[in-house]
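Breakdown of the fold
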Amino acid sequence: MSYDNDNIFAKILRNEIPCERVYEDEHTLVFMDIMPRADGHVLVIPKTPARNVLDATPQQLASCMATVQKLSHALMKAFGAGGITIQQFNEVAGGQEVFHLHFHVLPRQAGVKLRPPGNMEKPEVLKQHADRIRTALPTLT
Ligand code: 5GP
């Protein structure tokens, strides 16, 4: 399967559609999932094309994992989380819906289940959560 330049995350990277960005560096971008399964649910993507882990380079995976770790610390702090869940899906059979490599990073509280998928969050709520993450990031030690 080949990479589709018109997938939704490629359009986000090109600023063709809006998103609530919380962090970026040379190799990765992080933004709020539009249908969060927990408050603070973010997506970490490489800035260069990769469909999923099956075609990604080791460098793309390494960059993403470094950012996943950075955001995990920020989410623990921003949401007073007790833990972090990381999800990653590959191809239709693996549960993937958007075909640009991405890692879901979700702050968790003990005993609180993930919300069902497919529920759009209000933009103002996503912005509030993004603000909390952006505030937590520079203060990480
Ligand atoms: P997956 O491919 O891992 O199954 O899921 C793709 C994820 O992307 C879903 O959690 C979905 O809510 C999220 N998503 C789909 N379209 C958009 C969009 O336009 N903007 C943002 N921020 N997230 C999206």
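What counts, and where the lines are drawn
- Residues numbered from 1 in each chain as written.
- Predicted model: local features only at pLDDT ≥ 70, side-chain atom pairs only at ≥ 80, totals over all residues.
- Heavy atoms only, no water.
- Near = heavy atom within 4 Å.
- Polar contact = N/O pair within 3.5 Å; in protein donor to acceptor, adjacent residues only side chain to side chain.
- Helix = DSSP H or I, 4+ residues; strand = E, 2+ residues; numbered from the N terminus.
- Nonpolar A, V, L, I, M, F, W, Y, C, P; charged D, E, K, R; others polar.
- Patch = residues over 30% accessible without salt bridge, like charges linked within 9 Å, V, L, I, M, F, W, Y side chains within 5 Å.
- Areas by Shrake-Rupley, 256 points an atom, 1.4 Å probe, with all protein chains shown as cover.
- Salt bridge = Lys/Arg side-chain N within 4 Å of Asp/Glu carboxyl O.
- Buried < 20%, exposed > 50% of the residue type's maximum accessible area, 1.4 Å probe, protein only.
- Axes fitted to C-alpha atoms, helices over the stretch in contact; angles between N-to-C directions.
- Parallel < 35°, antiparallel > 145°, perpendicular 65-115°, else oblique.
- Left-handed = near helix turned anticlockwise from the far one by under 90°.
- Contact = heavy atoms within 4.5 Å.
- Core = buried A, V, L, I, M, F, W, Y, C linked by side-chain atoms within 4.5 Å.
- Pairing = 2+ DSSP bridges.

Topic: the site of the ligand
The environment of the ligand is formed by 16 residues, the closest being M32, D33, E97, H102 and H104. Taking E97, its main chain carries an N or O atom lying 2.6 Å from an oxygen atom of the ligand. Breaking the shell around the ligand down by element, the ones donating at least two residues are α1 (8-13) and β2 (28-32). Residue contributions to the shell around the ligand peak at 3 residues, all from α1. A class-by-class count of the residues in the shell around the ligand yields 10 nonpolar, 4 polar and 2 charged.

Points about a nonpolar patch on the surface
A cluster of nonpolar side chains, I34, M35 and M120, forms an exposed patch at the surface whose accessible area comes to about 290 Å². With respect to the helices and strands, M120 occurs in the loop between β5 (103-108) and α3 (123-136). For M120, a relative accessible area of 57% translates into the label exposed.

Points about the packing of helix α2 (residues 58-78) against α3
Contact geometry of α2 with α3 gives a least axis separation of 8 Å together with a crossing angle of 115°. In terms of their interaxial angle, α2 and α3 are classed as roughly perpendicular. Handedness of the crossing formed by α2 with α3: right-handed. On α3, the residues that touch L71, A74, L75, K77 and A78 of α2 are R132, I133 and A136. For the contact of α2 with α3, a count of residues per class yields 6 nonpolar, no polar and 2 charged.

Section: the nonpolar core
Across soluble globular proteins, nonpolar side chains show a tendency to be buried alongside one another. Counting 23 residues, the largest nonpolar core has V22, V30, M32, V42, V44, L71 and I133 as its most contacted members. Ranked by residue count, the leading element in this core is α2, at 6 residues. Each residue touching I133, except ones within four places of it in the same chain, is listed here: V22, M32, G40, V42, L71, A74, L75, A78 and F79. Counting 6 residues, the second-largest nonpolar core is a separate cluster that includes I12, L29, F31 and L43.

Some points on the sheet that holds strand β1 (residues 21-24)
With antiparallel pairing, 5 strands are arranged side by side in an open sheet as β1-β2-β3-β5-β4. The sheet terminates laterally at β1 and β4 (83-87), the two strands that pair on one side only. Each strand axis lies, on average, 20° off the axis of its neighbour in the sheet, ignoring direction. Of the strand pairs in this sheet, β1 and β2 are connected by 3 bridges, and their pairing is antiparallel. When the bridges of β2 are listed, Y23 appears paired with V30. Running over the sheet, α2 touches β1, β2, β3 (42-46), β4 and β5 and is turned about 15° from β5.

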